[in-house]
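Reading the structure
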Amino acid sequence: MVVSTEHAPVNGSKRRRSHREVADVLRDRIRSGSLRPGQRMPTQAELADEFGVERGAVREALRILHREHLLSNVSKGSPATVAKAPERAHDGAASARPQPTMVGLAPRIASAFEAPHVEIDALCLTSVSLTMAIGEPLRQIHAGRRKPAKVDVRVLLPSRDIDLAFPAPVDGGDEEGGWVHRRWLDQRNAQGQVLRHNLLALRASHGIDVSVQFRALPFTPPVKLYLINGTEALFAYYTLTKRDEEIGQESLEMYDAQGTRSMLFPFQQGDGLRDTTFVEQSQLWFNALWNTISQDLRLASG
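Structure report, in brief. Note that this is a predicted model, so its numbers are computed, not measured. (Residues numbered from 1 in each chain as written. Predicted model: local features only at pLDDT ≥ 70, side-chain atom pairs only at ≥ 80, totals over all residues. Heavy atoms only, no water.)

What follows concerns the sheet that holds strand 11 (residues 250–256). Spatial strand order, 6-11-10: three strands in an open sheet with antiparallel pairing. Edge positions in the sheet fall to strand 6 (168–169) and strand 10 (241–247), since each of these pairs with one other strand and no more. (Pairing = 2+ DSSP bridges. Helix = DSSP H or I, 4+ residues; strand = E, 2+ residues; numbered from the N terminus.)

What follows is the structure, encoded as structure tokens:
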């Protein structure tokens, strides 16, 4: 069973959807790259089961996307196919357009679990976004719609022993700084524990070979990076803002970055020299950090 948290995504809701809502979800998957040009769509029966609708609603949704030139080969007898150039269709939106992390990461993680060997490397501040994004493929596995043979996840997080550049109080003393650090550490540990528990549970429930590893960095990462199946890099800047945080009856002014809202820039191996080089160099950079200055990370408080 997947462990839920207060941040758990809600896209597993059983509320019945209209055919337009189904079309909206599928359109987002195509534009985000979760469903890629030339890829065959799930069957109408699978989509009806996923969304909790009749097949007629699925057919209407597919017809909408066909009219928008996002799908081809739409018929009653066989699964549709994602159009070869969806980035030119409808309103000209590009599938590689940067999106907020919580919008862009989830469909790419879900798509990664279609591979027999899933490999995800992440460098981030707390792993909140990754923990949330991985919820959907876990549900698909438990529903019998996905079953990779192997899953390897590596996560680089800041060490508990460093003075974080952020989050940090604007003018706070040792007491305020200690409170902010403890709050960040509790979140880092809790999200990492949920991520590890949910993935390792796949061993017993589905016989999947799973490895989840964490290592600690001696610095605060100014960016977040996700590397997926050795072919894609997703990159985002942590943008700092000044905000107030309530501590009991008092308000603490602090510098912080809301990583779930950071714009995520996708780079795909094979999409030109620039993208291919970025993916390769990002993987080399991650591996170097993992194998040199990072240390074993203990996801525990106290």
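Ordered in space as 3-12-9-8-4-5-7-13, the eight strands form an open sheet in which the pairing is mixed. Each having just a single partner strand, strand 3 (99–100) and strand 13 (295–296) make up the two edges of the open sheet. With nine bridges connecting them, strand 5 (residues 150–158) and strand 7 (residues 209–217) associate as parallel partners. Bridging from a neighbouring strand, Pro 158 pairs with Leu 217 of strand 7.

All right, on to the pattern of salt bridges then. Under the definition given, this model contains 15 salt bridges. Where Glu 114 meets Arg 146, a salt bridge forms, and the shortest distance between an N and an O atom there is 3.3 Å. Of this pair, Glu 114 sits in the loop between helix 4 (101–112) and strand 4 (117–123) while Arg 146 sits in the loop between helix 6 (135–142) and strand 5, placing them 32 residues apart in sequence. The class of Arg 146 is partly exposed, set by a relative accessible area of 24%. Asp 256 serves as the salt-bridge partner of Arg 243, at 2.9 Å between the closest nitrogen and oxygen. Placement of Arg 243 in strand 10 and of Asp 256 in strand 11 is noted, with a sequence separation of 13 residues between them. Look at Asp 256 and you get buried, because its relative accessible area is 8%. Here the residues in one salt-bridge network are Arg 183, Arg 243, Glu 245 and Asp 256, joined through shared partners. (Salt bridge = Lys/Arg side-chain N within 4 Å of Asp/Glu carboxyl O. Buried < 20%, exposed > 50% of the residue type's maximum accessible area, 1.4 Å probe, protein only.)

Here we take up helix 7 (residues 174–206). Between its first and last C-alpha, helix 7 extends 48 Å over 33 residues, near the 48 Å set by a 1.5 Å rise per residue. Following helix 7 by one or two positions, Gly 207 adopts a phi angle in the positive range, close to 70°. (Expected span 1.5 Å × (residues − 1).)

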